[in-house]
Amino acid sequence: MALRVYRNYDALSHAAAAEIVLQIKQNPISVLCLAAGETPRLTYNLLPEIADKEGVDFSRCRFVGLDEWLGIPDTNEGSCAWFLRENLFAPLNIAPRQINLFDGMTKDPAEECRRMSRRIVDCGGIDLMLVGIGLNGHIGFNEPGVSEDAHVHVTELDETTRSVGQKYFREATVLQRGITLGLRHLLESRKAFMMAAGAKKAGIIRLALEGSITTKVPASILRKHACGDVLLDSEAASMLTVI
Ligand code: PGA
């Protein structure tokens, strides 16, 4: 695992966007799994301009969803699907056939898990994952205590996830369950980046990177990834002893 620290959120976001563009340059038919959330927002907003400058074309790559709130439709601004549509797919002109997201309104979550698992196998696995980290150490909705061998699964959301998740919604919303790719997908991806920004993430970043490798802090599992890098701004890195 390589650790890269940038002076601020802006520099961090430029670096992450450059990594995505590089990935597509090297392999235009890449399968990407890019997280929703506040952290990667600027990264995605920077992508069209950087891609344009580099002459990179996103028309042949494919996207798979990382996670979704169960019971929340994609018309809700707090859904991961909404976020990705607004910040990533629309600005890059990604065609619907390139996109595979979770249906948060599925009547059959177990089948939805199987559908996404099959989809990932069918497209040859994930080339690049870009994930954030929750205040409880989660990646996607891999909540503390999740199995390291989990593939796609439905999960009861941790109390922290339920309350912190309110920030994505216009009004108070009941968040109970989520559907998510598992830590096994993270470990099986050919390349993975975890991003974190801001002082509020400093404590959990220290635990994930310098504490023991344990599914009690799911993000710590990234340290087992042969090609898993951590990209931080200086505030998120401020409690690390190596800095
Ligand atoms: P955030 O979410 O980017 O909105 O902080 C991170 C996460 O919960 O995975």
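This one's a predicted model, so the numbers in the text were calculated from it and none came from an experiment. (Residues numbered from 1 in each chain as written. Predicted model: local features only at pLDDT ≥ 70, side-chain atom pairs only at ≥ 80, totals over all residues. Heavy atoms only, no water.)

Participant: Got a sec to walk through the packing of helix H2 (residues 41-54) against helix H3 (residues 80-89)? Specific residues and values, please.
Facilitator: Between H2 and H3, whose axes approach to 8 Å, the crossing angle comes to 35°. Along its contact with H2, which presents Arg41, Tyr44, Asn45 and Leu47, the element H3 presents Phe83, Leu84, Asn87 and Leu88. Per-class residue counts for the contact of H2 with H3 are 5 nonpolar, 2 polar and 1 charged. (Axes fitted to C-alpha atoms, helices over the stretch in contact; angles between N-to-C directions. Helix = DSSP H or I, 4+ residues; strand = E, 2+ residues; numbered from the N terminus. Contact = heavy atoms within 4.5 Å. Nonpolar A, V, L, I, M, F, W, Y, C, P; charged D, E, K, R; others polar.)

Participant: Would you mind going over the site of the ligand in detail, with residue names and values included?
Facilitator: The local shell around the ligand consists of Gly37, Glu38, Thr39, Gly132, Ile133, Gly134, His138, Lys167, Tyr168 and Lys201. Contact between the ligand and Glu38: an oxygen atom at 2.9 Å from a main-chain N or O atom of the residue. Contact distances for the ligand include 2.5 Å between an oxygen atom and a side-chain N or O atom of Tyr168. A total of 280 Å² of accessible area belongs to the ligand in isolation, and the protein chains cover 88% of it. Here the residues of the shell around the ligand sort into 2 nonpolar, 5 polar and 3 charged. (Near = heavy atom within 4 Å. Polar contact = N/O pair within 3.5 Å; in protein donor to acceptor, adjacent residues only side chain to side chain. Areas by Shrake-Rupley, 256 points an atom, 1.4 Å probe, with all protein chains shown as cover.)

Participant: Help me get a handle on the pattern of salt bridges, residues and values and all.
Facilitator: With the rule as written, the count across this model stands at 15 salt bridges. The partner of Arg170 in a salt bridge is Glu77, and the shortest N-O contact between them spans 3.0 Å. Separated by 93 residues along the polypeptide, Arg170 in the loop between helix H5 (159-164) and strand E8 (177-180) and Glu77 in the loop between strand E4 (67-69) and H3 bring together distant segments of the chain. Through salt bridges with shared partners, a single ionic network connects Glu148, Asp149, Arg184 and Lys224. (Salt bridge = Lys/Arg side-chain N within 4 Å of Asp/Glu carboxyl O.)

Participant: Before we move on, could you go through the sheet that holds strand E10 (residues 228-233) and cite the residues and values that matter?
Facilitator: As a general point, the strands of a sheet are linked pairwise by backbone hydrogen bonds and lie either parallel or antiparallel. Sheet architecture is open: 7 strands sit in the order E1-E10-E9-E6-E2-E3-E5, paired in parallel fashion. Two strands close off the open sheet at either side, each with one partner strand: strand E1 (2-6) and strand E5 (99-100). Sheet analysis places E1 next to E10, joined by 5 bridges and oriented parallel. Opposite Arg4, over in E10, you have Leu231 as the bridge partner. (Pairing = 2+ DSSP bridges.)

Participant: Give a detailed account of a nonpolar patch on the surface, specifying residues and quantitative values.
Facilitator: A surface patch of nonpolar side chains, amounting to about 320 Å² of accessible area, comprises Met1, Leu3, Val5 and Val242. Looking at Met1, the relative accessible area reads 42%, which means it is partly exposed. (Patch = residues over 30% accessible without salt bridge, like charges linked within 9 Å, V, L, I, M, F, W, Y side chains within 5 Å. Buried < 20%, exposed > 50% of the residue type's maximum accessible area, 1.4 Å probe, protein only.)

Participant: Residue-level account of H3, with values.
Facilitator: Most of H3 is tucked away, with 7 of its 10 residues classed as buried. Listed as buried for H3 are Cys80, Ala81, Phe83, Leu84, Asn87, Leu88 and Phe89. The arc that holds every buried residue of H3, seen down its axis, measures 155°, which confines them to one face. Those residues of H3 that are buried lie in contact with strand E2 (31-34), H2, strand E3 (62-64), E4 and E5. (Arc of directions from axis to C-beta.)

Participant: Could you give an account of the side chain of Ser79, naming the residues involved and the relevant values?
Facilitator: Among the secondary structure elements, Ser79 is positioned in the loop between E4 and H3. On the accessibility criterion, Ser79 (0% relative accessible area) is buried. Within the local environment of Ser79, its side chain forms a polar contact with the backbone oxygen of Asn76, the two atoms lying 2.9 Å apart. Within the local environment of Ser79, its side chain forms a polar contact with the backbone nitrogen of Trp82, the two atoms lying 3.0 Å apart. Not counting the four nearest positions on each side in its chain, Ser79 is found in contact with Glu68, Trp69, Ile72, Pro73, Asp74 and Phe169.

Participant: Can you explain the pairing of E8? Please cite residues and give values.
Facilitator: Pairing between E4 and E8: 3 bridges, direction antiparallel. Each bridged residue has a counterpart across the sheet, and for Trp69 the counterpart in E8 is Gly178. In this sheet, E8 lies alongside strand E7 (residues 153-156) in antiparallel orientation, the contact comprising 4 bridges. Counted as the bridge partner of Thr155 is Gly178 from E8.

Participant: Talk me through the side chain of Thr106; I want residue IDs and the actual numbers.
Facilitator: Along the chain, Thr106 falls in the loop between E5 and helix H4 (109-122). Judged by its relative accessible area of 17%, Thr106 falls in the buried class. Polar contacts involving the side chain of Thr106 include one to the main-chain amide nitrogen of Asp108, which spans 3.0 Å. If sequence neighbours within four positions are ignored, Thr106 has contacts with Leu70 and Glu112.

Geometric values such as these leave the question of function open.
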